[in-house]
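# Structural overview
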Amino acid sequence: MRILICEDSVLLREGLVRLLEDVGHKVVSALPDASGLDAAIAASAPDLCILDVRLPPTRTDEGIRAALRVRQARPDLPILVLSQYVEERYASDLIAGRGGALGYLLKDRVADVAEFVQTVERIAAGATVFDPEVVAQLLGRRSSDERMQRLTDRESTVLALIAEGKSNQAIAQALFVTEGSVEKHITSLFQKLDLEPDESGNRRVLAALAHIAHSGDAPQTGENR
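The structure contained in this document is the topic of the report that follows.

So, how was this worked out
Residues numbered from 1 in each chain as written. Predicted model: local features only at pLDDT ≥ 70, side-chain atom pairs only at ≥ 80, totals over all residues. Heavy atoms only, no water. Salt bridge = Lys/Arg side-chain N within 4 Å of Asp/Glu carboxyl O. Helix = DSSP H or I, 4+ residues; strand = E, 2+ residues; numbered from the N terminus. Buried < 20%, exposed > 50% of the residue type's maximum accessible area, 1.4 Å probe, protein only. Contact = heavy atoms within 4.5 Å. Polar contact = N/O pair within 3.5 Å; in protein donor to acceptor, adjacent residues only side chain to side chain.

### A short note on the pattern of salt bridges
On inspection of all chains with the given rule, the structure shows nine salt bridges. For Arg69, the salt bridge identified is with Asp38, shortest N-O distance 3.1 Å. Of this pair, Arg69 sits in helix 3 (residues 62-73) while Asp38 sits in helix 2 (residues 37-44), and the two are 31 residues apart along the sequence. Classification of Arg69 by relative accessible area gives partly exposed; the value is 34%. Accessibility expressed as a relative area gives 40% for Asp38, which makes it partly exposed. Asp61 is the partner of Arg65 in a salt bridge, and the nearest nitrogen-oxygen pair spans 3.1 Å. Among the charged side chains, a salt-bridge network with shared partners connects Glu7, Asp52 and Lys107.

### Comments concerning the environment of His25
Relative to the elements of secondary structure, His25 occurs in the loop between helix 1 (10-22) and strand 2 (26-31). With relative accessibility at 13%, the residue His25 sits in the buried group. The spatial distance from the C-alpha of His25 to the C-alpha of Glu121 is 9.8 Å, given a sequence separation of 96 residues. In contact with His25, other than residues within four places in its own chain, are Met1, Ile3, Leu20 and Glu121. A polar atom in the side chain of His25 sits 2.9 Å from the side chain of Glu121.

See the structure below:
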């Protein structure tokens, strides 16, 4: 697999290069910031991009903005975002945006080399993987299992398609129903998942994360590992 890394920490960047190459992958580019990201992607044609959320010069949101830009320009390119802390707004923006396979992990997950490599390979193969801590914070640490059991089979199917990033129109086409029917199912599942309307409009994002958490796409930690 051809991998591009964009990480400002020299130690972490070089560590990722060595780790990934030791297991047989090829790091085609390792960048300290996002200034040359688009050109590097065009020149090296990676199979996966690993991006730090906070990059120079301000170390605030350069990395996440770069990730969103890449997902818009190259929706089929898998992206793994690494963050020191849970950036709730950024995680919401990422999953709400259109694009292909996506991962959002806290940097301490890299310490478990075997799990990290497995996660990288899963994302490259098309999986969506969110750190359990990210999911927990975005869901307000509410129990997802209890709420998911409230859904009908059709609502669960609609939710799974939402988690794949499909629009209402695409869901209607996939299920051979009208968009109006899809909207009714979505309204119902929002209510059953206790997702009230909010100013940020993130109910669709939170519903998708509830599905991810329930289906087991996120890496497990602790006793469930």
